[in-house]
Amino acid sequence: SMMFFLATALASIPTQESEALSGPSTTQPAPIVFGEVTSDFPSTAALVDGMGQFCTGTLIAPDVVLTAAHCLEEPGLFQVYFGDRPGDGAGVRVPVRRTVLHPDYSLDRGDIALVFLSAPVEIPPAVIDDRRARLLLGARTHYVGYGTTEGTGGEGYKKVATAQVIDLEGMA
C-alpha cells in the first residue's frame with residue numbers, strides 16, 4: 001500500500017521525473033550523504049528531545065506528523081521541530097499530544113507511526129502522492145531529513161538528496 005511506501009521512504013517527496021540517476025542503487029534510503037542543506041520542504045520535521053534531534057517526520061495534516069515507529073520505541077518526552085536546524089533557536093517547536101504506532105509494528109513490518117501535535121501548525125502539510133506504489137518504479141524521489149551525514153557536512157541541518165525508486169519488494 002502507499003502507506004507502506006511512505007514508511008519506507010519517510011519524508012520523501014516523489015516527483016514526476018523519470019530520468020535515471022548514476023551511482024550505486026539501494027532498496028533502503030541511505031543516510032543523506034552528500035545531500036544539500038536546504039530551507040525547502042517546510043513540512044519536514046525533526047523529532048527532538050533534550051539530547052537533540054533523533055528522527056525525521058513529515059507533516060501530513062495541520063496537527064499530525066508521520067514518522068517511523070522505531071523512532072518511538074522508547075517512551076520519552078519530545079517535541080516536533082519545524083525549521084532548518086533544531087539547535088539554532090529559530091524555527092517552531094511544538095509539544096506532542098500523543099503518539100500511535102502501527103498495531104503490527106515489528107523490526108521488519110509496520111514501521112510507521114503518527115505523532116499528534118498539541119496544536120495545529122501554520123505550515124502546509126506535504127502533498128501525498130497517492131499513485132499505486134508500483135507506478136513509482138523508476139521515479140526520482142527527493143528524501144529529506146536531519147539525520148546522520150557520515151561526515152559529509154551539514155550535520156544537524158535539514159538536508160535533501162535525490163534517489164530513484166528501484167525496488168518495491170513487499171509493496172502492492
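What comes next concerns the included structure.

Conventions we followed
Residues numbered from 1 in each chain as written. Predicted model: local features only at pLDDT ≥ 70, side-chain atom pairs only at ≥ 80, totals over all residues. Heavy atoms only, no water. Helix = DSSP H or I, 4+ residues; strand = E, 2+ residues; numbered from the N terminus. Polar contact = N/O pair within 3.5 Å; in protein donor to acceptor, adjacent residues only side chain to side chain. Pairing = 2+ DSSP bridges. Axes fitted to C-alpha atoms, helices over the stretch in contact; angles between N-to-C directions. Buried < 20%, exposed > 50% of the residue type's maximum accessible area, 1.4 Å probe, protein only. Salt bridge = Lys/Arg side-chain N within 4 Å of Asp/Glu carboxyl O.

On to the environment of Q164. You can see Q164 is positioned in strand β10 (residues 159-164). Of note is the side chain of Q164, whose polar atom sits 3.1 Å from the backbone oxygen of G138.

Moving on, we get to the sheet that holds strand β8 (residues 113-117). Reading around the barrel, the six strands line up as β3-β4-β5-β8-β7-β6 and close back on themselves, with antiparallel pairing between neighbours. Each adjacent strand pair in this sheet contributes to an overall mean axis angle of 45°, direction not counted. Bridge count between strand β4 (residues 52-61) and strand β5 (residues 64-67): three bridges; the pairing is antiparallel. Within β5, the position partnered with L59 by the bridge is V65.

Two faces make up the sheet, and in a regular strand the side chains alternate between them. Taking burial as the measure, the six residues of strand β9 (residues 140-145) include five buried ones, the bulk of the element. Of the strand pairs in this sheet, β9 and β10 are connected by six bridges, and their pairing is antiparallel. Looking at the pairing, T141 lines up with A163 of β10.

Moving on, we get to the pattern of salt bridges. Under the counting rule described, the total for this entry stands at three salt bridges. With a shortest N-O distance of 4.0 Å, D63 and R97 are connected by a salt bridge. Taken as a pair, D63 in the loop between β4 and β5 and R97 in strand β7 (residues 92-101) lie far apart in primary sequence, 34 residues in all. Between D104 and R109 there is a salt bridge, and its shortest N-O distance comes to 3.8 Å.

Our next topic: the side chain of T67. Within the fold, T67 resides in strand β5. Judged by its relative accessible area of 0%, T67 is buried. Looking at T67, its side chain comes within polar contact range of the main-chain oxygen of T56, at 2.9 Å.

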